[in-house]
Amino acid sequence: MTNLPKAAPAEGLPHTAQATEAKPQWIENLLKSWNSFWFEPTTPVAMAIFRIFFGIILLENMLVHLLPDFDLYYGKNSLVPINDMMSLYWHSSYYFDLMAALPADDKYIYGAFWVMVAATVMMTLGLCTRVSSWVTFLLLMSFGAHFQLNQNAGDNYLRLATMCLALSNAGDAFSLDNLIRATRQDWRKTGFGARLSAPWAQRLLQIQICIAYGHTWYSKMEGKMWNDGTAVYYAVRYDDLMRFPIPHIFDQLPIYMILTWGTLAIEFALFTFIWWRPTRYWVMAAGLSLHLGIEYCMNLPMFEWSFMLTYLLFIYPEDLTKSWNWLKAKIKDRFGEPYRLAFDGSCILCVRTIGLIHRLDIFGRIKPLDFTDKDNDAELDEVKLDRARAQSEILLQKRDGNWLGGFKAFRFISLRTPLLWPLTPVLFVPIVSFFAELMYKAIAANRKLILGSPSEVRQ
Amino acid sequence: MQSTSPGTRKLSFRQACNYSSSSGRPTAAHKLLVSSFLLTFFFVVGSWLLPEWTPEKNSITIYTGPIMNLAGWTQYWSLFCPEVRDLNYHLNALVEFSDGTVKCYEFPRHEKMDLITKFRREKLRKLFGDNISWQNYEQFRPSVCRFLARANNDPTNPPERVTMFLNITNTPPPDKESFCYRDELPPHTRKIILSSYKVNPTDLQ
């Protein structure tokens, strides 16, 4: 589990101190606020969680909404061929369209589409996150420009959010990139917390959603129906957008008037009071109820979910930590104390392996204990750790007090770590477990020769 | 939680759980670059979103609009506003063949689809319902007519003309006399011809 740190405390800006001496106080304050808002290092965890769920929405867009009618939009014999699109829509403006540079053959367009899908999958998993996000963004732009007529506000938002992801450090937590990096790092030096970095791309997306709410609110305020309270009455009567029914008891004008003015009030709060800490979560709750209400009544795929998902970025890091710790505590209450796992802290291979297990163990079901650390002596003596055996393999204590060693311990862990579940059935195949056990013993016997060195040994 | 370097001392497991390293503060050059990008973004996007009555708006957007389109920063957030649509409609086309017969084609109608189909095919609604049906996109109608002509081509009896028309009805206002429940909306009975396209032999190739 990647822990969720608080934002680092503000530090002075020595390199600008001399230059700002002569500046008026208000300019200095403005610059300080600007720096603090955009560049004060903070955790990328919220952006990383956003990345995962947003990637799923992008995949939904591509595979569920675009693919069924792909030829109609993008094929060589599409409804509006690209030459017509350029002359009738692009006019003298410029659009980014990689496909316009490809030969006019469907296989290239399909190729670009599947590259976009693959890049989105990689972005969601956090594999080569920066590159995959950029590829996704550029291809999303290309497909948007290639056939503009199926694009809606949701597509605009997907594009903008993907750009912010590509500019962010969303791959620094909950990602394969982070796991791969962790296998090369010593957590005794780097810690387990996600690497702090400047959150300017996250802030940009926060501002972008406020721009959207602010603009829609202002436009609505100019409309007669929004002011006389009948707008929602008409909006839920778009017969091509209807989703679930509204019972007649609620299908009444006074209710629609409350909903119309309520929408205006909530949208106003979503770009103003959301920035004020005491009201932030209340505003987010109101926004969720607004979007879920629209989601119930109207068939507008992606749009509502991508907006609701962006609220994640407004959750304070310490509250994310608290929420996750609450969940872990609930799991601990339900399934008992975490399992003790004794490892050799003087072996760098063991340290890295334990680091990997800990990062995968998102619910905190495993409690690693370094038996070379004097602080753990009392606890390990109490549970009667066999130190001689622990020198040759990692040991995991089961509920009955017995210790499982080596490969069997790892297999036991995989059963209790959801992220390892795809691997678990393979580990129970007899031939696999036989060879895995042999391999474990061979590696364990030579572990200090593989990565360990005297310099890495804990003093 | 710490973010400062632990130095040469190594953390215990418990300490490591509460420690985050930092990628470091951005340099002044990095900040300048990012700040320039942000200010450009806000200027380009902000000028586009200014109210239409803003003096000199067009003289700014003539420069910022192309940047917005090229960079993928398109902003369109006027959903259901300033006014909400007070009508329902669907699109049809008549394909006339050389022997005088006529075929009526009904474009996808989401109100007739089941929940899953209308969810999957939402982009078709955007295409035919929100865009092609309206004046802002009328320049695309000949392309749609050519597509329909090709799709219905019979070499022995080729299509000669394609006519697109809208079937429309007003949503009854919510006053006492006209109020109607959401599930009792009137059918789309009024017809409006949108375009009529004479098919050329080259359109069928």
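Sequence order as written defines the numbering, with residues in each chain counted from 1. Chain letters start at A and ligand numbers start at 1, both assigned in the order the entries are written. A pLDDT threshold of at least 70 governs which residues receive local features in this predicted model, and a stricter bar of 80 or more applies before side-chain atom pairs are shown or counted, although totals over entire chains, interfaces and linings include all residues. Computation of side-chain values: all heavy atoms of the structure, hydrogens and water removed.

Asks: I tried to follow the interface of chain B and chain A on my own but got confused; where do I start?
Replies: Accessible area lost on assembly of the parts is the figure often given for the size of an interface. Residue-level contacts link 87 residues of chain B with 115 residues of chain A. Summed over both partners, the accessible surface that disappears when two parts come together, traced with a 1.4 Å probe, is what is meant by buried area. Interface area lost by chain B to chain A is led by Trp77(B), Lys123(B) and Arg182(B), which between them contribute 11%. A pairing counts as a salt bridge when a side-chain nitrogen of Lys or Arg comes within 4 Å of a carboxyl oxygen of Asp or Glu. Where chain B meets chain A, there are 5 salt bridges. Ionic pairing is found between Arg125(B) and Asp240(A), a salt bridge with its closest N-O pair at 3.7 Å. Contact criterion: two residues are considered in contact whenever any of their non-hydrogen atoms come within 4.5 Å of each other.

Asks: Teacher, can you tell me more about the pattern of salt bridges here?
Replies: Think of it this way: side chains of opposite charge can pair up when their charged atoms draw near. Under the definition given, this model contains 29 salt bridges over all chains. In this structure, Glu295(A) and Arg243(A) form a salt bridge, with 2.9 Å as the shortest nitrogen-oxygen distance. You can see Glu295(A) sitting in helix H15 (residues 277-297) and its partner Arg243(A) sitting in the loop between helix H13 (231-235) and helix H14 (253-269), a full 52 residues away along the chain. Across this residue pair, the class does not change: Glu295(A) and Arg243(A) are buried. Salt bridges sharing common partners tie together Asp240(A), Arg85(B), Glu122(B), Arg125(B), Lys126(B) and Asp130(B). Each helix is a run of DSSP H or I of at least 4 residues and each strand a run of E of at least 2, with the numbering of both proceeding from the N terminus. Burial classes follow relative accessibility: with a 1.4 Å probe on protein chains only, a residue under 20% of its type's maximum area counts as buried, one over 50% as exposed, and anything between as partly exposed.

Asks: Would you mind going over the side chain of Ser21(B) with me for this structure?
Replies: Its location among the elements puts Ser21(B) in strand S1 (residues 20-22). According to the relative accessible area criterion, Ser21(B) is buried, its value standing at 18%. Other than its neighbours up to four places away in sequence, Ser21(B) contacts Thr190(A), Ala194(A), Arg195(A) and Leu196(A).

Asks: Whenever I open this one, the pairing of strand S3 (residues 102-106) of chain B confuses me. Can you help?
Replies: On a regular strand, each side chain points to the face opposite its neighbour's, so the side chains alternate between the two faces of the sheet. All names here are of chain B. Here a strand pair is declared whenever DSSP counts at least two bridges between the two strands. Of the strand pairs in this sheet, strand S2 (residues 87-97) and S3 are connected by 5 bridges, and their pairing is antiparallel. If you follow Leu 94 over to S3, its bridge partner there is Cys 104. What sits between the antiparallel neighbours S2 and S3 is a turn of 4 residues, in which Gly 100 has the positive phi angle 95°.

Asks: Honestly, a negative patch on the surface in this entry has me stumped. Any pointers?
Replies: The residues that make up patches have over 30% relative accessible area and no salt bridge, and they are joined within 9 Å when like-charged or within 5 Å when they are Val, Leu, Ile, Met, Phe, Trp or Tyr. Per-residue and other accessible areas follow the Shrake-Rupley method at a 1.4 Å probe size, with only the shown protein chains counted as cover for residues. In this tally Asp and Glu are treated as negative and Lys and Arg as positive; neither His nor the chain ends contributes. By convention, the point assigned to a charge is CZ for Arg, NZ for Lys, CD for Glu and CG for Asp. Residues Glu96(B), Asp99(B), Asp154(B) and Glu160(B) make up a contiguous surface patch of negative charge. Looking at the secondary structure, you find Glu160(B) in strand S4 (residues 159-170).

Asks: Where do I start with the packing of aromatic side chains in this structure?
Replies: Given two aromatic rings, their pairing is described by the distance between the two centres and the angle made by the two planes. Classification of ring pairs uses Phe, Tyr and Trp, with its six-membered ring standing for Trp, and accepts pairs whose centres are within 6.5 Å; under 30 degrees between planes counts as stacked, over 60 as edge-to-face, and the remaining range as tilted. Enumeration according to the criterion identifies 52 aromatic pairs over all chains in this entry. Seen in terms of ring centroids, Tyr89(A) and Tyr137(B) are 6.5 Å apart; in terms of plane orientation they differ by 20°. Their pairing is stacked. Highlighted residues: Tyr89(A) in helix H5 (residues 82-90) and Tyr137(B) in the loop between helix H5 (122-132) and helix H6 (141-151), drawn from two different chains. Ring centres of Phe37(B) and Trp73(B) lie 5.8 Å apart, and the angle between their planes is 80°; on these two criteria the pair is classed as edge-to-face. With a gap of 36 residues between them, Phe37(B) in helix H2 (residues 28-49) and Trp73(B) in the loop between helix H3 (57-71) and S2 connect regions that are remote in the sequence. Given a relative accessible area of 6%, Trp73(B) falls into the buried group. Through a chain of ring-to-ring contacts, the aromatic side chains of Trp34(A), Phe37(A), Trp38(A), Trp200(A), Trp275(A), Phe314(A), Phe37(B), Phe41(B), Phe42(B) and Trp73(B) assemble into a single cluster. A ring is scored as having a charge over it whenever the NZ atom of a lysine or the CZ atom of an arginine sits within 6 Å of its centre and within 35 degrees of its normal. Taking NZ or CZ as reference, Arg411(A) lies 4.5 Å from the ring centre of Phe428(A), over its face.

Asks: Teacher, can you tell me more about empty space enclosed by the protein here?
Replies: The method is simple in principle: a probe with the dimensions of a water molecule rolls over the atoms, and the space it marks as empty is what remains. Residues and elements named next belong to chain B. Using protein atoms alone on a 1 Å grid, points that fit a 1.4 Å probe yet trap it form a cavity, whereas open point sets bounded by protein on both sides within 12 Å along at least five of seven lines form a pocket; residues with an atom within 4 Å of a point count as lining. Grid points are joined across faces, edges and corners, and a volume is the space filled by probe spheres set on the points. Under the criterion given, the structure shown has 3 cavities of 30 Å³ or more. Its boundaries defined by the atoms lining it, the largest cavity holds a volume of some 130 Å³. Lining the largest cavity are 14 residues, with Tyr 89, His 90, Pro 108, Arg 109 and Gly 129 sitting closest to its centre. Mapped by element, the contributors of at least two residues to the lining of the largest cavity are S2 and H5.

Asks: Would you mind going over the state of the cysteines with me for this structure?
Replies: A covalent bond between the sulfur atoms of two cysteines is referred to as a disulfide. In what follows, a disulfide is any cysteine sulfur pair within 2.5 Å. Scanning the model with the defined rule gives 0 disulfides over all chains in all. In this structure Cys180(B) is not part of a disulfide, and its nearest cysteine sulfur, from Cys297(A), lies 15 Å away. With relative accessibility at 10%, the residue Cys180(B) sits in the buried group.

Asks: Hey, could you run me through the sheet that holds strand S2 (residues 339-343) of chain A in this one?
Replies: Backbone-to-backbone hydrogen bonds join strands into a sheet, with any given pair of strands oriented parallel or antiparallel. All names here are of chain A. The strand order S3-S2-S4-S5 describes an open sheet built from 4 strands, whose pairing is mixed. Edge strands, defined here as strands with exactly one partner in the open sheet, are strand S3 (366-370) and strand S5 (403-405). Direction aside, neighbouring strands of the sheet carry axes that sit 25° apart on average. Sheet topology note: the strand S4 (residues 395-397)/S5 ladder contains 3 bridges and is antiparallel. Looking at S5, one finds that Leu 395 is bridged to Gly 405. Axis definition: a line fit to C-alpha positions, over the contact stretch in the case of helices; interaxial angles, taken between N-to-C directions, run 0 to 180 degrees.

Asks: Got a minute to help me understand the sheet that holds S4(B) in this structure?
Replies: Residue and element names in this part refer to chain B. With antiparallel pairing, the 4 strands of this open sheet are ordered in space as S3-S2-S4-S5. Looking along the sheet, the strands with just one partner apiece sit at the ends: S3 and strand S5 (190-198). Averaged over all pairs of adjacent strands, the angle between their axes in this sheet comes to 25°, without regard to strand direction. Across the sheet, H6 touches S2, S3, S4 and S5, and the angle it forms with S4 is around 120°.

Asks: I tried to follow the confidence of the model for chain A on my own but got confused; where do I start?
Replies: Should the pLDDT be low somewhere, the predicted coordinates at that spot are not to be read in detail. Residue and element names in this part refer to chain A. In this model, chain A carries a mean pLDDT of 90, and residues with pLDDT of at least 70 account for 93%. The low-confidence segment residues 1-14 (pLDDT under 50) makes 49 contacts with residues lying over four places distant or belonging to another chain. Low pLDDT, under 50, characterises residues 453-459; the stretch is placed with 15 contacts to residues that sit more than four places away or in other chains. Every residue gets a pLDDT, meaning the predictor's confidence in that residue, from 0 to 100.

Asks: Just to check I follow, could you spell out the domain arrangement of chain A for this structure?
Replies: Residues and elements named next belong to chain A. One can read the domain layout of chain A as domain 1 (42-198), domain 2 (200-326) and domain 3 (337-456). Boundaries between domains were set according to an automatic or database domain assignment. The straight-line distance from the C-alpha centre of domain 1 to that of domain 2 is 25 Å. Of the residues lining the interface, 26 residues belong to domain 1; the matching set on domain 2 comes to 19 residues. For the pair domain 1 and domain 2, the summed buried surface comes to about 2000 Å²; carbon and sulfur atoms form 81% of the total.

Asks: What should I look at first to understand a nonpolar patch on the surface in this one?
Replies: Residues and elements named next belong to chain A. A cluster of nonpolar side chains, contributed by Val 429, Ile 431, Phe 434, Phe 435 and Leu 438, occupies part of the molecular surface with about 490 Å² of accessible area. Along the chain, Val 429 falls in the loop between helix H22 (424-427) and helix H23 (430-445). A residue is classified by how much of its surface remains accessible, and Val 429, at 35% relative accessible area, is partly exposed.

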